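Fold and geometry: a report
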Amino acid sequence: MTAITLNVIVQGVLTGLVYGLMALGLSVIFGVMRVVNFAHGELTVVAMYAAFLLFEMLHLEPLIALLPIAAAFFGIGYLLQRTLISPFIGRAEHEQFILLVGLATVIVNGVLLIFGPDARPINLPYSFDSYAIGPLFIDKVRVLAAVAALAVAAALFLFFRYTRTGTAIRACADNLTGAAVVGLNVKQLYAVTFGLGLACVGAAGSLMATIADASPGLSQAYTLLAFTIVIIGGLGSMMGALVGGILIGVSEALAGFYIQPSMKSMFSFALLIIVLVLRPQGLMGRRL
Amino acid sequence: MTNIWYHTNWRGKAICLLLLLAFVAAPIVADRYLLSVLILVFYFAYLGHAWNLLMGFAGQLSLGHALYLGLGAYTATALWTLFGVGPWIGVFIAIPVAAAAGMLVGWLGWRFAIEGVYFALLTIAFAEFTRIGFDHLGITGASAGLFLSVSSEGADKWWNLGGGPLLYYYISLILAVAATVLVAGLRQSSLGYRWLAVREDPEAAQAVGINIFRARMIAMLISSSMTAVGGVFYGFYYRNLFPSQVFDIGRSIELILAPIIGGLGTIFGPVVGAIILTPLGEGLTGLMQSLGINAPGAKLIFYGIMLMIIISLRPDGVWPWLARQMGLNGSRK
């Protein structure tokens with residue numbers, strides 16, 4: 001393998017981890033509530049704009065802005081679930097779909113109305129720095145973004161594994177009736193879950209803002225990207241989301257470099273079709 | 001159809017006939033703008049019927065119907081611009097092309113037991129894959145688009161599907177009416193009942209000897225073929241095609257809104273949905289213009305809010321409720 005290919009792959013892995021964090025939010029929401037969040041990319045773009053605004057107005061670095069943005073998104077998610085989405089739990093898929101498509105339309109056009117169609121870059125002082133390790137040149141922003149993405153994902157893993165609330169949410173996912181029977185407040189837990197899913201989105205969006213320029217046009221592409229990743233990794237599997245993210249990140253980077261940047265997502269979709277046919281539960285999914 | 005017609009009360013029959021008469025006679029009083037709105041109403045009613053066959057009757061959620069729309073549009077327009085084959089012949093090539101794609105998606109999905117959300121994502125993946133493919137397909141102009149000449153020999157003649165708004169008006173009206181009649185007929189056929197059985201309970205349907213796979217494949221065959229015809233109309237009506245527009249997931253979504261808002265699995269749902277949604281969007285554009293507001297996203301924001309309200313209040317669609325309100329026994333349809 002040549003040094004260039006290795007460089008491309010490493011970049012892909014790092015970008016893929018940020019993708020993975022975004023997809024993790026989708027996976028958590030679907031895994032627990034069986035609600036398919038079709039407004040996922042739109043919300044990611046909102047987080048990117050939030051990071052952009054905080055940087056422009058308060059000179060807050062996206063890596064730090066990540067915390068308040070993720071917290072705010074937790075709140076947004078909690079309220080969204082409590083008000084808008086809760087009545088749709090357990091209803092037909094197409095009904096949830098229409099609701100969230102409506103929400104996505106409102107969000108993306110709201111962003112368009114406020115910020116206009118132009119891309120908004122964040123120019124960090126170290127935007128063009130890179131680390132040289134042997135033959136590898138790695139962008140500093142991508143390394144920082146990937147490390148932060150891993151940290152957020154790890155925090156979420158630990159939360160689900162070791163806290164009482166996390167365990168309770170897992171119980172809801174495993175057996176809803178059972179969870180309700182033992183007295184868990186399912187509505188509350190669902191709202192927390194949606195909040196956590198959106199906190200991932202908030203964090204991922206802040207990180208994404210450092211490696212891509214925020215623009216309303218990205219929303220739908222990100223929604224599809226998140227879905228592709230989650231299906232490849234396995235809907236509802238947290239580890240799967242990260243693995244899927246890395247896989248898609250690498251495939252996009254390789255296709256973008258060796259074939260054509262505009263064709264990169266074609267390979268992601270081809271990968272998605274192959275996985276759906278050969279292993280519909282995803283690479284790390286437990287069951288369908 | 002005869003059956004449903006027979007069971008409709010006189011009010012239902014009267015409303016149906018009056019509406020049809022009004023649409024046939026509309027060009028006498030309507031101006032170009034109103035005609036263009038009505039063309040869109042019929043176009044979305046027609047495509048809504050096509051999609052509703054698969055989702056409303058056979059119970060399979062496709063979010064990638066833009067694939068068949070785009071393949072139909074591209075096949076017919078490319079045949080015309082590149083080889084001079086007129087659309088009335090081209091449509092018979094466009095149909096098998098789109099149907100083959102539909103069969104492939106259906107076969108992959110249902111042979112490997114991919115259902116629900118997963119099937120929907122498979123359909124999106126195929127549509128997106130094809131969109132990017134066409135973005136790089138030189139022969140049809142790649143991402144720069146494919147344009148139909150308006151000045152070439154015979155381009156404005158009806159046999160080449162060119163001409164004034166009246167032509168498109170009546171073609172779209174005929175398409176919408178024909179689709180309604182076809183769907184009503186299918187609904188009453190043994191195939192229609194098999195679809196409903198498969199939709200309601202696949203296992204039970206299989207137990208009574210229905211071949212689920214075959215029933216779904218037939219639904220996909222008819223649905224994708226009908227959508228391809230809509231695509232041919234789209235191509236020759238707009239006279240320009242861009243992969244990023246015709247294969248876009250936005251196309252897939254806009255064509256499923258009318259049947260969902262109108263009422264899934266009903267015969268008049270797609271029509272009612274199209275009659276509600278299209279003027280709503282157009283009316284908003286007009287309102288914004290007359291108020292002098294230049295806000296590109298505002299119309300869609302309102303549209304999105306309307307969607308959320310309708311799906312929250314009338315999840316079964318507007319038509320079943322409307323039919324009850326109007327005292328039509330068509331509510332069971």
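Check the entry above for the structure.
All values derive from a computational prediction rather than experimental measurement. (Residues numbered from 1 in each chain as written. Chains lettered and ligands numbered in written order. Predicted model: local features only at pLDDT ≥ 70, side-chain atom pairs only at ≥ 80, totals over all residues. Heavy atoms only, no water.)

Turning next to the overall build of chain B. Secondary structure summary: chain B contains 15 helices and two strands in total. The globule rule puts the C-alpha radius of gyration for 333 residues at 20 Å, and the 20 Å found for chain B is close to it. Each principal axis of the C-alpha distribution contributes one length, and for chain B these read about 55 × 50 × 40 Å. Of all 333 residues assigned to chain B, the portion counted as buried reaches 56%. Contacts in chain B between residues far apart in sequence, at least 24 positions, make up 77% of those at least 6 positions apart. Only carbon and sulfur atoms are counted for the fraction: they give 68% of the accessible area of chain B, which is about 14,000 Å². Taking the 18 positively charged and 13 negatively charged side chains of chain B as two groups, their mean positions are separated by 10 Å. (Helix = DSSP H or I, 4+ residues; strand = E, 2+ residues; numbered from the N terminus. Rg over C-alpha atoms; globule rule 2.2 N^0.38 Å. Buried < 20%, exposed > 50% of the residue type's maximum accessible area, 1.4 Å probe, protein only. Contact = heavy atoms within 4.5 Å. Areas by Shrake-Rupley, 256 points an atom, 1.4 Å probe, with all protein chains shown as cover. Lys, Arg positive; Asp, Glu negative; His and termini not counted. Charge placed at Lys NZ, Arg CZ, Asp CG, Glu CD.)

On to the overall build of chain A, then. What chain A contains, in helices and strands, is eleven helices and two strands. Helices and strands in chain A line up, N terminus first, as α-α-α-α-β-β-α-α-α-α-α-α-α. In terms of overall dimensions, chain A is globule-like: its C-alpha atoms have a radius of gyration of 18 Å, near the 19 Å expected for 288 residues. Relative to its 288 residues, chain A shows a buried fraction of 55%. Taking all contacts inside chain A whose residues are at least 6 apart in sequence as the whole, residues at least 24 apart take part in 76%. Positive and negative side-chain charges of chain A, numbering 14 and 11 respectively, have mean locations separated by a distance of 15 Å.

A few words on the packing of helix α4 (residues 66-83) of chain B against helix α6 (residues 117-135) of chain B. Residue and element names in this part refer to chain B. Axis separation between α4 and α6 bottoms out at 9 Å; the angle between their running directions is 30°. Residue-level contacts link Leu67, Leu71 and Tyr74 of α4 to Phe126, Ala127, Thr130 and Phe134 of α6. Residue composition of the contact of α4 with α6, by class: six nonpolar, one polar and no charged. (Axes fitted to C-alpha atoms, helices over the stretch in contact; angles between N-to-C directions. Nonpolar A, V, L, I, M, F, W, Y, C, P; charged D, E, K, R; others polar.)

Turning to the packing of aromatic side chains, a few remarks are in order. Following the criterion strictly, the structure yields 24 aromatic pairs over all chains and no others. Between the aromatic rings of A:Phe257 and A:Tyr258, the centroid separation amounts to 4.9 Å while the plane-to-plane angle is 85°, which identifies the pairing as edge-to-face. Using a relative accessible area of 45% as the deciding quantity, one classes A:Phe257 as partly exposed. With a centroid separation of 5.5 Å and 15° between ring planes, the pair formed by B:Phe233 and B:Tyr237 is classed as stacked. Of this pair, B:Phe233 and B:Tyr237 both sit in helix α10 (residues 212-238), separated by four residues, roughly a single helical turn. When its relative accessible area of 5% is taken as the criterion, B:Phe233 is described as buried. Through a chain of ring-to-ring contacts, the aromatic side chains of B:Tyr43, B:Phe44, B:Tyr168, B:Phe233, B:Tyr234, B:Tyr237 and B:Tyr238 assemble into a single cluster. (Phe/Tyr/Trp six-rings, centres within 6.5 Å; stacked < 30°, edge-to-face > 60°.)

Along the polypeptide, A:Gly90 turns up in the loop between α3 (62-85) and α4 (93-115). C-alpha of A:Gly90 to C-alpha of A:Arg34: the two residues are 56 residues apart in sequence and 7.8 Å apart in space.

This part covers the interface of chain B and chain A. Interfaces are frequently sized by the accessible area removed from exposure as the parts join. Across the boundary between the two partners, chain B contributes 41 residues, which contact 39 residues of chain A. Together chain B and chain A conceal approximately 3,600 Å² of surface at their shared face, both sides included; 83% is due to carbon and sulfur atoms. Counting across the chain B and chain A interface gives zero salt bridges. Where chain B touches chain A, the interface holds three residue pairs in polar contact (both at pLDDT 80 or more). Going through the elements one at a time, α6, α12 (249-262) and α14 (298-313) of chain B are the ones with two or more residues in the side of chain B that touches chain A. Among the elements that make up the side of chain B that touches chain A, the one with the highest residue count is α6(B) (eleven residues). (Buried area = accessible area lost by both parts, 1.4 Å probe. Salt bridge = Lys/Arg side-chain N within 4 Å of Asp/Glu carboxyl O. Polar contact = N/O pair within 3.5 Å; in protein donor to acceptor, adjacent residues only side chain to side chain.)

With that settled, the discussion passes to the pattern of salt bridges. Evaluation of the coordinates by the stated rule reveals six salt bridges over all chains. Between A:Arg91 and A:Glu95 there is a salt bridge, with its nearest N and O atoms 2.6 Å apart. B:Arg131 is paired through a salt bridge with B:Asp135; the nearest N and O atoms lie 3.9 Å apart. Separated by four residues within a single helix, B:Arg131 and B:Asp135 lie in helix α6, roughly one turn from each other. Judged by relative accessible area, B:Arg131 falls into the buried class, the value being 16%. Using a relative accessible area of 16% as the deciding quantity, one classes B:Asp135 as buried. A single salt-bridge network, built from bridges that share partners, covers B:Glu128, B:Arg131 and B:Asp135.

So, on to the pairing of strand β2 (residues 136-139) of chain A. Residues and elements named next belong to chain A. Side chains Leu136 and Ile138 of β2 all project onto a buried face; the interleaved residues Phe137 and Asp139 project onto a face where none is buried. Across four bridges, the pairing between strand β1 (residues 130-133) and β2 is antiparallel. Across the sheet, Tyr131 pairs through a bridge with Ile138, a residue of β2. Connecting β1 to the antiparallel partner β2 that follows it, the hairpin turn spans two residues, and Gly134 within it adopts a positive phi of roughly 55°. (Pairing = 2+ DSSP bridges.)

Okay, a nonpolar patch on the surface next. Residues and elements named next belong to chain B. Where nonpolar side chains cluster on the molecular surface, the patch consists of Leu20, Val24, Leu166, Tyr170, Ile174, Val177 and Val181 and spans about 550 Å² of accessible area. Mapped onto the nonpolar patch, the elements with two or more residues apiece are α2 (10-29) and α7 (165-188). It is α7 that contributes the most residues to the nonpolar patch, five residues altogether. Counting through the fold element by element, Val177 comes out in helix α7. (Patch = residues over 30% accessible without salt bridge, like charges linked within 9 Å, V, L, I, M, F, W, Y side chains within 5 Å.)

So, about the packing of helix α3 (residues 32-57) of chain B against α12(B). All names here are of chain B. Where α3 contacts α12, the axes come no closer than 8 Å and their chain directions differ by 80°. Considering the angle they form, α3 stands roughly perpendicular to α12. Two secondary-structure elements touch here, α3 through Phe44, Leu47, Gly48, Trp51 and Asn52 and α12 through Glu254, Leu255, Ile256, Ala258, Pro259 and Ile260. Tallied by class, the residues present in the contact of α3 with α12 amount to eight nonpolar, two polar and one charged. (Parallel < 35°, antiparallel > 145°, perpendicular 65-115°, else oblique.)

Here we come to the nonpolar core. Of all hydrophobic cores here, the largest spans 205 residues; its most connected members are A:Leu21, B:Leu67, B:Leu122, B:Tyr169 and B:Trp195. Among the elements that line this core, the one with the most residues is α3(B), at 17 residues. Residues in contact with B:Leu122, not counting those within four places in the same chain, are A:Ile273, A:Leu276, B:Val105, B:Leu108, B:Gly109 and B:Ile114. The next biggest cluster of nonpolar side chains, apart from the first, holds five residues, and it includes A:Leu14, A:Leu136, A:Ile138 and A:Ala146. (Core = buried A, V, L, I, M, F, W, Y, C linked by side-chain atoms within 4.5 Å.)

Residue and element names in this part refer to chain A. For His40, the position within the fold is in helix α2 (residues 40-58). A relative accessible area of 0% means that His40 is categorised as buried. Reaching out from His40, the side chain makes a polar contact with the backbone nitrogen of Leu26 at a distance of 3.4 Å. Every residue in contact with His40, bar those within four places of it in the chain, is listed here: Met22, Gly25, Leu26, Val201, Thr223 and Ala226.

By themselves, these figures tell us nothing about what the structure is for.
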